[in-house]
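# Notes for the structure review
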Amino acid sequence: MSGDGGRPVVLELRDVSRIFRMSRGPFRRDTITAVDHVSLRVRQSDVLGIVGESGSGKTTLSKMMLGLLAPTSGDVLLDGKPLSDFSRRVLARRIQFVFQDPYSSLNPRRSIGSIIAQPLYIHGIGTRMEREKRARELLDVVGLPARVFDNAPGQLSGGQRQRVVIARALALNPKILVCDEPTSALDVSVQAQILNLLLDLRTEFDLTYVMVSHNLNVIEHMTTEVAVMYLGRIVELAEAGSIFREAAHPYTKILLRSAMTIAPGGGIPDVHFDRNDPAYKRPATPPLSLL
Ligand SMILES: Nc1ncnc2c1ncn2[C@@H]1O[C@H](COP(=O)(O)OP(=O)(O)OP(=O)(O)O)[C@@H](O)[C@H]1O
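The notes below deal with the structure included here. (Residues numbered from 1 in each chain as written. Predicted model: local features only at pLDDT ≥ 70, side-chain atom pairs only at ≥ 80, totals over all residues.)

### What about the sheet that holds strand E5 (residues 81–82)?
In spatial order, the strands read E2-E1-E4-E5; together these 4 strands make up an open sheet with antiparallel pairing. In this open sheet, the two edge strands, each paired with only one partner strand, are strand E2 (31–43) and E5. Of the pairings in the sheet, the one linking strand E1 (residues 9–21) to E2 comprises 9 bridges and is antiparallel in character. Opposite Val-9, over in E2, you have Arg-43 as the bridge partner. (Pairing = 2+ DSSP bridges. Helix = DSSP H or I, 4+ residues; strand = E, 2+ residues; numbered from the N terminus.)

If you want it as structure tokens, here you go:
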């Protein structure tokens, strides 16, 4: 890929496959190849978009990147080393995830402050006071008011909850975030705010993103590179701009065309961005303590 500026490869998949065996029903002897011989590289500061229709293997691929699912064959490398060389503890400080549903991913019985501080607690980092301080800073980082610290998740809107999920993902100061449909459970009006927050955070903390989405508008605005998945394979891998101008693979063309058709009056549907809209701006945040 051109224009990498010598940036190091932070995440690499080498010929990775994942086969699932059906465990019940009439097809229980059958297998599904969810990811089929995928190789790709993510460089520091990249935003790699993974796009494809439902069932194309995007989530399976992102779970393998996070070490949540083992490949059936092939290797996942983080900073050039196999994931298996990393302890859970070290891995969590390098790579974190933001998944789709902010409604189910937050414990309803905990306060927002303790949810955000939980990774620090689990990893034995800091005193109680230090963890609380960091959780308050993280609230600020993701643009939430200090007063929500003692609230329960049920008292927050969907967009606010997704900000909490992002704050928790940042607690251990990771360098890579894997975001699987980070906004698809949210109202359209809130989606752009969350995506712009993610873009701001990337600049502020020099984060690298893997962004899984079926929404081409999200992919177009967020990513630097795009991998198009179809039936478990990557059928096209290109810089984000070029893929929207001159898609090479027939499947990518179909994907783009169907997005155009769905959009009222043509164009890609859903989120509309205006990065200069003051509603999307976030005040600059002070440097974080602790880590
Ligand atoms: N634990 C599992 N057991 C059996 N089959 C699975 C399992 N997880 C995923 N699959 C199958 O693997 C294929 C890829 O699924 P995956 O969830 O990775 O696709 P996806 O592109 O993320 O889809 P979506 O956009 O709908 O989330 C699908 O056919 C799915 O049914």
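Here the narrative resumes.
### Brief notes about helix H5 (residues 158–170)
Between its first and last C-alpha, H5 extends 19 Å over 13 residues, near the 18 Å set by a 1.5 Å rise per residue. H5 sits mainly inside the fold: 11 of its 13 residues count as buried. Burial in H5 covers these residues: Gln-160, Arg-161, Gln-162, Arg-163, Val-164, Val-165, Ile-166, Ala-167, Arg-168, Ala-169 and Leu-170. (Expected span 1.5 Å × (residues − 1). Buried ≥ 20, exposed ≤ 12 C-beta atoms within 10 Å, placed from the backbone.)

### Remarks on the packing of helix H3 (residues 112–122) against helix H4 (residues 128–141)
Interaxial distance between H3 and H4 falls to 9 Å at its minimum, and their mutual angle equals 125°. On the basis of the axis angle, H3 is oblique to H4. Crossing angle aside, the handedness with which H3 passes H4 is right-handed. From H3, Gly-113, Ile-116, Ala-117, Leu-120 and Tyr-121 reach across to H4, where they touch Arg-131, Glu-132, Arg-134, Ala-135, Leu-138 and Leu-139. Grouping the amino acids of the contact of H3 with H4 by side-chain chemistry returns 7 nonpolar, 1 polar and 3 charged. (Axes fitted to C-alpha atoms, helices over the stretch in contact; angles between N-to-C directions. Parallel < 35°, antiparallel > 145°, perpendicular 65-115°, else oblique. Left-handed = near helix turned anticlockwise from the far one by under 90°. Contact = placed C-beta atoms within 7 Å. Nonpolar A, V, L, I, M, F, W, Y, C, P; charged D, E, K, R; others polar.)

### Details of the site of the ligand
If you check the shell around the ligand, you find Phe-20, Ile-32, Ala-34, Gly-52, Ser-54, Gly-55, Ser-56, Gly-57, Lys-58, Thr-59, Thr-60 and His-214 and nothing else. When contributions to the shell around the ligand are tallied by element, the ones reaching two or more residues are E2 and helix H1 (58–65). The dominant element in the shell around the ligand, judged by the number of residues it contributes, is H1, at 3 residues. (Near = placed C-beta within 6 Å.)

### So, the packing of H3 against H5
Packed helices, taken two at a time, are described by the angle their axes make and the gap between the axes. Viewed as axis vectors pointing N to C, H3 and H5 meet at an angle of 30°, and their least axial separation amounts to 7 Å. Classed by the angle they form, the pair H3 and H5 counts as roughly parallel. For the pair H3 and H5, the crossing hand works out as right-handed. Residues Ile-112, Ile-115, Ile-116, Gln-118 and Pro-119 of H3 form the contact with H5, whose participating residues are Val-164, Ala-167 and Arg-168. By residue class, the composition of the contact of H3 with H5 is 6 nonpolar, 1 polar and 1 charged.

### Concerning the environment of Arg-88
Positionally, Arg-88 belongs in helix H2 (residues 88–94). The exposure class of Arg-88 is exposed, given the 10 C-beta atoms found within 10 Å. Through-space distance from the C-alpha of Arg-88 to that of His-123 is 9.9 Å; in sequence the pair is 35 residues apart.

### Remarks on unusual backbone geometry
Even without being glycine, Ser-45 reaches a positive phi, approximately 80°. Take Ser-45: it is sitting in the loop between E2 and strand E3 (47–51). The phi torsion at Asp-79 lies on the positive side, around 50°, for a residue other than glycine. Along the chain, the position of Asp-79 falls in the loop between strand E4 (73–78) and E5.

Nothing here speaks to function; it is all geometry.
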